[in-house]
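Fold and geometry: a report
Next come the chains, spelled out residue by residue.
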Amino acid sequence: MRINMFRWLIISTALLLAACSPTQDDSYARQFVSGTVTVHEAFWPADHNTLYPFTTDGEISCVYYPDFGIEVYFQPFDYIEDSAIGTPLNKAAAESLKKDGLTPNVPYSLKKGTDLSEAVEVGLKACNV
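Residues numbered from 1 in each chain as written. Predicted model: local features only at pLDDT ≥ 70, side-chain atom pairs only at ≥ 80, totals over all residues. Heavy atoms only, no water.

On to the nonpolar core. Ranked by size, the top nonpolar core spans 14 residues in total, and within it Val39, Trp44, Phe54, Ile60, Val72, Phe74 and Leu89 carry the most contacts. Looking at this core, the elements with two or more residues in it are β2 (58-65), β3 (69-76) and α5 (117-127). Here this core takes four residues from α5, the largest share from any one element. (Core = buried A, V, L, I, M, F, W, Y, C linked by side-chain atoms within 4.5 Å. Buried < 20%, exposed > 50% of the residue type's maximum accessible area, 1.4 Å probe, protein only. Helix = DSSP H or I, 4+ residues; strand = E, 2+ residues; numbered from the N terminus.)

Next up, the structure:
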């Protein structure tokens, strides 16, 4: 009788632990995807057909939030920190900053008249969404 009671306790404990454990919900994980890609003016022409669009070297970053979609930003190397607000590269990033009442606070940005299509594509690939 004692052996059966001991087995019953082990089985019920295992079932309770399994039942109370959180599941991995893929839709939740996709809500907060982020990534970064380092970019340098010297290396840009090797992989891209457009001119380097930034005034300095830095990172293209992306973040995915359900409200606006994938947001793509540029941040210079000297200003990659939590309080830095990068230059928005796509509409989703610009709308997100506008909604939150924020403006970019990094001193370097885009060269005038450059094509951002490849820079945005690099950012979208960083999120791999």
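From this point on, the discussion continues.
Our focus in this paragraph is the state of the cysteines. The tally for this structure, following the rule as stated, stands at one disulfide. Disulfide pairing is shown between Cys62 and Cys127; the S-S distance is 2.1 Å. Residues Cys62 and Cys127 share a disulfide whose torsion about the S-S bond is about 115 degrees; that sign makes it right-handed. Taken together, the residues span a long stretch of sequence, with Cys62 in strand β2 and Cys127 in helix α5 at a distance of 65 residues. With a relative accessible area of 4%, Cys127 lands in the buried category. (Disulfide = S-S within 2.5 Å.)

All chains considered together, the criterion is met by three aromatic pairs. Aromatic side chains Trp44 and Tyr52 sit 5.6 Å apart centroid to centroid with 75 degrees between the ring planes, which places their arrangement in the edge-to-face category. Summarising the burial analysis for this pair, Trp44 and Tyr52 share the class buried. Here Tyr52 and Phe54 contribute two aromatic rings whose centre-to-centre distance is 5.4 Å and whose plane-to-plane angle is 80 degrees, an arrangement assigned as edge-to-face. The exposure class assigned to Tyr52 is buried, which follows from its relative accessible area of 4%. (Phe/Tyr/Trp six-rings, centres within 6.5 Å; stacked < 30°, edge-to-face > 60°.)

Listing the buried residues of α5 in full gives Glu118, Ala119, Val120, Val122, Gly123 and Cys127. Check the buried side of α5 and you find it contacts β1 (34-39), α3 (44-47), β2 and β3. Asn128 sits one or two residues past α5 and shows a positive phi near 55 degrees. (Contact = heavy atoms within 4.5 Å.)

To continue, consider the layout of surface pockets. Its boundaries defined by the atoms lining it, the largest pocket holds a volume of some 280 Å³. Along the wall of the largest pocket there are 15 residues; nearest its centre are Val63, Tyr73, Ala84, Ile85 and Gly86. When residues of the lining of the largest pocket are traced back to their parent elements, those giving at least two are β2, β3 and α4 (91-100). With four residues, β2 is the largest single contributor of residues to the lining of the largest pocket. (1 Å grid on protein atoms, 1.4 Å probe; cavity = no way out; pocket = protein on both sides within 12 Å on 5 of 7 lines; lining within 4 Å. Points joined across faces, edges and corners; volume = space filled by probe spheres on them.)

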